[in-house]
Each structure stands twice: as C-alpha cells, then as structure tokens.
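The residues making up each chain are set out below.
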Amino acid sequence: MAAFPWHSRNRNYKAEFASCRLEAVPLEFGDYHPLKPITVTETKTKRVSRKGSTSSTSSSSSSSMVDPLSSVLDGTDPLSMFAATADPATMAASLDSSRKKRDRDDNSFVGSDFEPWANKRGEILARYTTTEKLSINLFMGSEKGKAGTATSAMSEKVRTRLEELDDFEEGSQKELLNLTQQDYVNRIEELNQSLKDAWASDQKVKALKIVIQCSKLLSDTSVIQFYPSKFVLITDILDTFGKLVYERIFSMCMDNRSVLPDHFSPENVNDTAKETCLNWFFKIASIRELIPRFYVEASILKCNKFLSKMGISECLPRLTCMIRGIGDPLVSVYARAYLCRVGMEVAPHLKESLNKNFFDFLLTFKQIHGDMVQNQLVVQGVELSSYLPLYSPAMDWIFQCISYHAPEALLTEMMERCKKLGNNALLLNSVMSAFRAEFIATRSMDFIGMIKECDESGFPKHLLFRSLGLNLALADPPESDRLQILNEAWKVITKLKNPQDYINCAEVWVEYTCKHFTKREVNTVLADVIKHMTPDRAFEDSYPQLQLIIKKVINHFHDFSVLFSVEKFLPFLDMFQKESVRVEVCKCIMEAFIKHQQEPTKDPVILNALLHVCKTMHDSVNALTLEDEKRMLAYLINGFIKMVSFGRDFEQQLSFYVESRSMFCNLEPVLVQLIHSVNRLAMETRKVMKGNHSRKTAAFVRACVAYCFITIPSLTGIFTRLNLYLHSGQVALANQCLSQADAFFKAAISLIPEVPKMINIDGKMRPSESFLLEFLRNFFSTLLIVPDHPEHGVLFLVRELLNVIQDYTWEDNSDDKIHVYTCVLHLLSAMSQESYLYHIDKVDSNDSLYGGDSKFLAENNKLCETVMAQILEHLKTLAKDEALKRQSSLGLSFFNSILAHGDLRNNKLNQLSVNLWHLAQRHGCADTRTMVKTLEYIKKRSKQPDMSHLTELALRLPLQTRT
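Residues numbered from 1 in each chain as written. Predicted model: local features only at pLDDT ≥ 70, side-chain atom pairs only at ≥ 80, totals over all residues. Heavy atoms only, no water.

Undergrad: Tell me about the packing of helix α43 (residues 907-921) against helix α44 (residues 928-941), and please be specific about residues and values.
TA: Running from amino to carboxyl end, α43 crosses α44 at an angle of 160°, the nearest separation of the two axes being 11 Å. Compared by their axis directions, α43 and α44 come out roughly antiparallel. The handedness of the crossing between α43 and α44 is left-handed. Residues Trp 917, Ala 920 and Gln 921 of α43 lie in contact with α44, whose contacting residues are Met 931, Thr 934 and Leu 935. (Axes fitted to C-alpha atoms, helices over the stretch in contact; angles between N-to-C directions. Helix = DSSP H or I, 4+ residues; strand = E, 2+ residues; numbered from the N terminus. Parallel < 35°, antiparallel > 145°, perpendicular 65-115°, else oblique. Left-handed = near helix turned anticlockwise from the far one by under 90°. Contact = heavy atoms within 4.5 Å.)

Next up, the structure:
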C-alpha cells in the first residue's frame, strides 16, 4: 500500500453531543407500574386416569404471587413418585434429615442460651493434663465359643451372647503401662474407631465389650489430675455407642416403607424393634460391675422412648440412686454430671432427677474432706488446692442443668443449702459459674460476704472473686453497690503475691471497672497491674491476659482522646516486650480506632500516641513478613492517615505527611496513600483559596508537587509509579504548575521502557501489555490539554512518547502496538481542532496557543502520516494464513478510525478507506453482520449536513457474499 496523507475532519463537538442525546418520548403508564403485583394466569390440569383418556382444564386469575413452576405439575410430586418406587435402603438413607429434625425437636426445651457440653469439652481437655505415666487395663476375652454352630432359637441366641459377656469379664487381662498422655488419648481414639468398625461389621457384642471396657476406666483414679480429661474421652465413646444403638432400633421401626412420626409414641413401634430394644437393656443389666453398668445404661437412656412413655422418667431416678453406690466422691460427681447431661439431652423437662442429683451430692459433699480422700491425696502427692478444682467441670455442669430456667425460689434454696455446708468454697464457685449472671449480680454483696467467710486452705478466695467478676461482666449489680464491690474485690486481688494468680483475677475485673467507672479508676487498676507484673519481668509469662486487658479497655473507651489521657495506658503498652505480641496489640488498637473514630482529628495526644503505635507495626516488617501481613499493616496505617485533618492549616497537614513518609517508608501502600493524600491537599488548597494569597498558595502547591515527585521513585511497582506520575502531573496541571507537570509526564515517558513483559498480579505472572495499553490511553487523554513548552518543539511530549513506543519491544503475536498508534491518531486528530473537547480552568491548551496556525497543523499532519505508515506496514506483515483474521480485524478497526476522525472529502484518504474495507473482507474473515451494520451507519451519517460525500463512499463499499 502506498503512503497516504492525513487530513482530520473538523469537529463540532456541541452538535455531535446534541445528535447523540436520546429523544424524549412521552410514556403513558395507565394501570401499569413495574412495582405493582403481576397478575398470573394459573392453568390447572386434572387428569382422570394415568392413561390420559380424559382430562379437564380450568384457568383462574389471581394477583397473588404464584410459583410459575407449580403449573407444570399434575398434582403428584415427581420426587415423591420416585421415592415410592425406591428400595428400603435408599429410603432409609433419605431419613437422615428428618432424624436430625426430630433430635432438634427433642431438645426444643433447651434454647440457645444453654451452653452445650461440646463448648466445655475442649477447655477441659486443655486444662486438666498430666506429665505422669498412665495405664489402661484391657480385658480382651478369650476366643472360645466363636466357632459354635448357629441356632435358630431366640433363647439360645440370648444365652450365647450372655456367655460371651461372661467370657469377656472373666477373660485374659492385658495392661498397657507407661503411657504418655498423648499415647493414652490415641489409644482411646483407637477404641472409639474400633467401636464404629465393629458396629459397621455387625459385631454388636464386640461393640458392647469395647464400651464396657472403656467405662471401667472411669473407676480408675490412679492419676487423679487427669480424671476430668479421661471422663471427656470415655464419654465420647459412650455417646457414640448410644447414638448407634438408637439409630439401629429406629431403623427397625420402618414398616411397609413408612417411618415413625417426629413425635412418636411406643404404640407406633413394631414388636421387632421393641424386642431388640429390650434385648439391649437385658444385656446391660447383666454387667456385674456398677460403674460400667451405670454408664452404658445411661448412654442408651433415649432408647426407653421405644418401650414406654414413662420409661425415661422411671429410669432417671433409678440411675440416680445407683450412683449412691459409688464410694469415690470424684467418680461419683462425674457420674452425676453424665446422667444430668444425658437427661438434658433426652428429657430436659424432667427437672426432678436433676434436683435429686444435686441434693444427693450435697449430702455426700463432706466425703471430699474425709480420711479416704486425704489418704489418696497423700499417696499421689496432690495438694488439696489442686484436688478441689478437679470437681469444677462436673459441678459446674450439674449446677448449670439445674439452674436452667429454674425459678428464683429454687436458686435461692440451693444457695442457702450451700451456705450451711462448711468449707463450701468449691460449691460457691460452681454456683457462681453456673447460675444466671443476673441472679449473681443482684446478690453481689451477699456473695462477697460468703466469700469472706470461706476457708482459703482448699479453694483460694481469688478464684471465687474471679468467678464473681465474670458474672459482673455479663450483668450489672445495683448501682449503689458498685464501688463497694470493686473495693472489696480489689482488696483481695492486690494482696496476691503470685503474678499468675494476680493477673488471672485482675484481667476479669478490668472489664467491670471500665464498664462502670471513669478513667480515674481505670488508671488506678492499670497502675496496680504494672506494679505487680513488672518485678522479675513477670509480664513475659502473662501476655494473653495483658492482651485481654488492653482489648477490654479499648472496647469501652471509644473516645481516643480520653483513652490516651489515661496516664498509665502507654506505660502499660511498654510491658509488651515481645515483638509479635506488641504488634498484635498495636493492630488491636488501630482496628478499634478505625472502627470507632467518626470524625477526623488533629488532637496532638491522639496523633503522637497513634504515630508511635503505627511506627511499632511498621518497624516489625522484614524480609520474612508475609504479603498478607504487610497488606493488613498498611490498611491499618492508611486508616489512621485518612482520619488526620488539620482543617485549613494546610502547611501543618503537609508536615504530617512528610513525617509519615519518613516513618512508614517500608510499606509501599502507605506511600501510595500519602501521595494521593498530598495530591488531594493540593487540589483542596487551590479550591479553598480561590485566588487569595496567590503567591503563598502557589508556593504551597509546588511543595506538594515536589513531595510527590520525590516520593514516587521510591516505589517498586512499575505501573504504580506510572499511574502516580500521570495523576500527579494532572494535579500539577490543574494548579497551573506547567513546568512541574511536564516533569511528571517526562518521568512517565522515560519509565515506559522499563515495563517488563510479565508482571506479578496477586501472586501470578501476567502479560503486561494490556496494562500498558490502558495506561497509554489515559496518558493520551491528558496530553490533549497539555500546552507545548515555548523552549521545545511542537508537540514535544507526543514526539517523545512516540519514540518510546517505537523502541519498546512488543510481543511478536500482539497487535497492541497498532492499537496504541490508533489511539495516537485519535489524539492528533483531536489536537488539530479549532477548539478542544475539554480544557482545564486557567490553562491555555494548544488550541489557544496556536489558534489554528498552519505550521502547527502541518506538523500535526506529518505525525499522523508517520503513525499511519506504521499501521499500514503492520497490516502488510499480517498477510499470512495464520494472521488473516487479525489483519481483517485491524483493517476494519483502522477503517472506523478514519471514518470517525478523517476528512473523507480528501480523495486519497477516501481511497484508503475503500482499500481497508476490501482488505477486511478479502479472505472471508470479516463478520458479515458487523460489516452490514457499519455500512448502514455510513448511509445514515451521509444524510447529515456536510456529510453528503459519504453517499458516494457507501456506493464504493460492497458487501462480500459467502457461498
């Protein structure tokens, strides 16, 4: 293709805007409104027979919302039809959801305000540990009788299974000694899995043996400190067994492919299921030892529902009486806890058995201080102060079950009975742990009096005050008692010598202090904590509690001017010497500030404190810091920066940004935020001043511009720098800082050659050309209004940019370079207009500077011809089979550019457009629909004023037909 001259067409932007506006058309809504209900006609079809010999239809109209899918059904749910033909095994599988619903209904009495056992399980396992060696006695049983012949008589089956149980109890004994705690846990988990495997393989007797074997372990208190955790592990197995038995019997209740209703009665249960259920209870009744017999029967307590309506209510009192036969008070109280747990799960409305368990426990409470227990503690070398807390999980659970929805009278009676017992600190602690917080809070002074009277030898008073503090954090005591309560509690807390005991108790009461008192009392508490935790660097062992104190303080003090005026708050932060912990505390403070600070601030107390906090976070960044952590820290620091405002004191604002830049130089997102903030500050300054103090204002704006120009090179992201150079140049231009704007644009142009072929986007390498193309398009839009420098040539920035684009190494199979040249052509065409599409206030663009000068237009056209030559040369290189589709697409794109921006009255440019039209269709790669639409558009435009020459052009643009 020969070289073609370029002639831009003259544009009347106002007229073009007017022609593009949508025509206003009056719309008569009538009764229609898009928010009104839609009237749906529902057609119902009634089919007389499956063969469809006769049918009738009826239609009805309704304004109510009708499911449009319901009209396609003929009255029979297809899923129900499928289920009706399914086999029983498939049907049984589909019952899982209904069983879960039934279980929820069974527990409907227990609401979300009842803390489930599952929430306590993890805490018990973590708290009650041991380093002593443990042992497990395994009664493996012999193999005799397993090869016997099958008999059909039911009595023989029962006798055989009972003999197997006898064999089990009399069989060989295997003892696993010297187990660590983890070995013990692993072994118990293996037994749990063995139970499931045995059940799955239909070895029901083996499963029962495993459960009995595990239950017997609960009679062993040889390592007494581990007993609460052992209880948790063993009862997990019992729960599994109880669930398996219940589901097995429930599955046997299906008769004629029907299932039990949600609230079934024993009359709904068939004889086979009842017989199987009785068989399980008979097996368990034959267990000789009390403890395994009790636990295994309690685990299947729910199965009584299959036998009798009164079955559970009759079994609970009997099982409660069985516990009286357990001599060890620790074993006994945990047995009661398990019975209460099962009772709350299957029959929470039966409160009598719960109360009976509690009062039975009170009768035997004195055993804890009896000779048997004391001798056991001496043998194991355990102090009473370590022994008594072992009761807490069981007692807390029993008290929680009893107190749930209990009337005030019952709670008062229970508290009075506890008062009458000597050495009742343990009971008192469980009462405060389990009873409703409101009940405790309203009687706070009564409880303080009871705590004072307690003997401290077995159960320390500070633990009682801690339990009281936990309640007062949830419920408010009478206002008249609040100060006295704090004084009484703190008298005990501040006298504690052990730092761990002190901080565990103080941490709880900090929330009470923050909730009900002023910064003065909070400052006193913080000072006392510092006093106790500083000697011997005791704070190093108590970081979790100290962190909780900080969180509680900032959760209650949302006014940070008040928070940082607390004298001991910052010294308190100094106790966090470990860097990782200190950073977490700083993050917590900044999160609270961002969440609760509603208005921008310039308070020097807040600024100095938070600058220190942010500096601490920033200085923790090193080469090993994860990117997610960097992003989080940058987000928090940026949140602080955004909330700092000195109003119209712009110089002070800029000084803050300068200080922030020096403090946070290692976090690139913070530097980016600072640059954006300074650019906004420059624009705000010009807006507020409105020409007043112009010299001072101009000097300040230049200072802002210089800040950005100095900061941008320190960033690593190539496109971050490019975009900030462009944005800052635009701000400089808007503030009439022309030489500074030129400097930004030149810096951006010089940076383009450094753009790599691939860039990292969210951890993945991506080609960079699409990002570069997007940037250049934005750049061209800005260059339209940038005036030429008097000491440089015409369109010097455009020329420099074209040279960089020409020298840049583009991908071999990419057309992005041509897309860039096409955008340049659009830019140059816009620059040749008498008046530009947009301007910047008080900045004279080239349309004003040159005023349509012929030399300027000639230079502009030369650049256009150079760019066109590059585009046409590239089109030639695409004349290969594999590139013909790209050639067609680019040819049509270039044709559209000439149509939009070129003066087609010029014969040569007109001929070029015709050639490009033919090129686009030459090899059958063009989209016919697109070509038709384009031609229609040309014909439509030819009817506009001064566009008649397009009529002739349209006649020269044939549409290729495909055969």
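Undergrad: Outline the packing of aromatic side chains, listing residues and values.
TA: A complete count under the given rule lists 44 aromatic pairs for this structure. The interplanar angle of 75° and the centroid separation of 4.9 Å between the aromatic rings of Phe 114 and Tyr 404 together place this pair among those described as edge-to-face. Note that Phe 114 is positioned in the loop between α4 (96-106) and α5 (117-127) and Tyr 404 in the loop between α17 (392-403) and α18 (408-420), a separation of 290 residues in sequence. Classification of Phe 114 by relative accessible area gives buried; the value is 8%. When the centroid spacing of 6.1 Å and the interplanar angle of 65° are considered together, the rings of Phe 593 and Phe 640 count as edge-to-face. Separated by 47 residues along the polypeptide, Phe 593 in helix α29 (residues 579-596) and Phe 640 in helix α31 (residues 627-642) bring together distant segments of the chain. Judged by its relative accessible area of 0%, Phe 640 is buried. (Phe/Tyr/Trp six-rings, centres within 6.5 Å; stacked < 30°, edge-to-face > 60°. Buried < 20%, exposed > 50% of the residue type's maximum accessible area, 1.4 Å probe, protein only.)

Undergrad: Before we move on, can you summarise the packing of helix α9 (residues 227-251) against helix α10 (residues 271-285) with the specific residues and values?
TA: Axis separation between α9 and α10 bottoms out at 9 Å; the angle between their running directions is 155°. It follows from the interaxial angle that α9 and α10 lie roughly antiparallel. Residue-level inspection shows Phe 241, Val 245 and Ile 249 of α9 in contact with α10, the latter providing Ala 273, Thr 276, Cys 277 and Trp 280. For the contact of α9 with α10, the per-class residue count stands at six nonpolar, one polar and no charged. (Nonpolar A, V, L, I, M, F, W, Y, C, P; charged D, E, K, R; others polar.)

Undergrad: If you had to explain α9 to someone new, which residues and values would you point to?
TA: Counted at 1.5 Å a residue, the expected span for α9 with its 25 residues is 36 Å, and the 36 Å between its end C-alpha atoms agrees. Across the 25 residues that make up α9, a large majority, 20, are buried. (Expected span 1.5 Å × (residues − 1).)

Undergrad: With reference to specific residues and values, describe the nonpolar core.
TA: Counting 307 residues, the largest nonpolar core has Tyr 387, Trp 509, Val 529 and Phe 640 as its most contacted members. Residue contributions to this core peak at 13 residues, all from α9. Contact partners of Tyr 387, with chain neighbours within four places excluded, come to Ile 224, Pro 329, Leu 330, Ile 368, Val 373, Leu 377 and Val 382. (Core = buried A, V, L, I, M, F, W, Y, C linked by side-chain atoms within 4.5 Å.)

Undergrad: So what's going on with a nonpolar patch on the surface? Residues and values would help.
TA: Where nonpolar side chains cluster on the molecular surface, the patch consists of Phe 17, Leu 837 and Tyr 838 and spans about 280 Å² of accessible area. We classify Tyr 838 as partly exposed; its relative accessible area is 31%. (Patch = residues over 30% accessible without salt bridge, like charges linked within 9 Å, V, L, I, M, F, W, Y side chains within 5 Å. Areas by Shrake-Rupley, 256 points an atom, 1.4 Å probe, with all protein chains shown as cover. Salt bridge = Lys/Arg side-chain N within 4 Å of Asp/Glu carboxyl O.)

Undergrad: Now, about α17: what can you tell me, with residues and values included?
TA: An α-helical turn contains 3.6 residues, so a residue and the one three or four places further along point in the same direction. In this model α17 runs 16 Å from its N-terminal to its C-terminal C-alpha over 12 residues, within 8% of the 16 Å that 1.5 Å per residue would give. Burial within α17 is extensive, with 12 of its 12 residues counted as buried. Ser 392, Pro 393, Ala 394, Met 395, Asp 396, Trp 397, Ile 398, Phe 399, Gln 400, Cys 401, Ile 402 and Ser 403 are the residues of α17 that are buried. Those residues of α17 that are buried are in contact with α5, α9, α13 (329-346), α14 (351-363), α18 and α19 (425-434).

On their own, these measurements won't tell you what the molecule is for.
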